[in-house]
Amino acid sequence: MKANFLRAAMAATLALAWAGATHAQSAPASDTKTVVKEDAKTVGHAVAHSARTVGHEVKAKSRAVGHSTAERSRQAREAIRDDSKKAGHAVAHSAKAVGKTVKDSAEKVKTTVTRKSDEPQPKN
């Protein structure tokens, strides 16, 4: 990145020097404003191009780092996922067991509390 920026700065410097030398040789005094304007435009384009190049390089390197990080963290991610799945299944199994125990106990209590008469049920 620094090398590209340095190249852009060198290109801008050379463009200004070249424009100054060309202007000193051929341009009349009234045309100075136009020459300076064109030189500034040229330098601006060179800097913009270099900045764009640097931006693309940063983007590519950032993407590569992101992908390598994802690859390295894949094993940990999968281990955490598997452990979470096992823990979820264990909790579900325990909840089912507790629910069944509560249901069975409730039925025992219900049969104990409910009285059964010795007499047969009257028929209507």
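Keep in mind it's a predicted model, so treat the numbers as computed, not measured.

Focus: the overall build of the chain
Part 1 of the argument: Looking only at helices and strands, one finds two helices and zero strands in the chain.
Part 2 of the argument: In the chain, which comprises 124 residues, the proportion classed as buried is 9%.
Part 3 of the argument: Surface summary for the chain: the accessible area is close to 11000 Å², and the carbon and sulfur share equals 63%.

Considering the pattern of salt bridges
Part 1 of the argument: Tallied over the full model, the rule gives two salt bridges.
Part 2 of the argument: With its nearest N and O atoms 3.0 Å apart, the salt bridge here joins E71 to R74. With E71 and R74 both in helix α2 (residues 32–113) and three residues apart, this pair spans about one turn of that helix.
Part 3 of the argument: For R81, the salt bridge identified is with D82, shortest N-O distance 3.7 Å.
Part 4 of the argument: Classification of D82 as partly exposed rests on a relative accessible area of 34%.

Brief notes about the environment of A15
Part 1 of the argument: Following the sequence through the fold, A15 ends up in helix α1 (residues 2–26).
Part 2 of the argument: The exposure class assigned to A15 is buried, which follows from its relative accessible area of 19%.
Part 3 of the argument: Between the C-alpha atoms of A15 and A46, which are 31 residues apart in sequence, the distance is 9.0 Å.
Part 4 of the argument: If near-sequence neighbours (up to four positions away) are discounted, A15 is found in contact with T42 and V43.

A word on the environment of T112
Part 1 of the argument: Considering the arrangement of structural elements, one finds T112 in helix α2.
Part 2 of the argument: There is a polar contact of 2.7 Å between the side chain of T112 and the backbone oxygen of K108.

Conventions we followed
- Residues numbered from 1 in each chain as written.
- Predicted model: local features only at pLDDT ≥ 70, side-chain atom pairs only at ≥ 80, totals over all residues.
- Heavy atoms only, no water.
- Helix = DSSP H or I, 4+ residues; strand = E, 2+ residues; numbered from the N terminus.
- Buried < 20%, exposed > 50% of the residue type's maximum accessible area, 1.4 Å probe, protein only.
- Areas by Shrake-Rupley, 256 points an atom, 1.4 Å probe, with all protein chains shown as cover.
- Salt bridge = Lys/Arg side-chain N within 4 Å of Asp/Glu carboxyl O.
- Contact = heavy atoms within 4.5 Å.
- Polar contact = N/O pair within 3.5 Å; in protein donor to acceptor, adjacent residues only side chain to side chain.

All we've got here are geometric facts, nothing functional implied.
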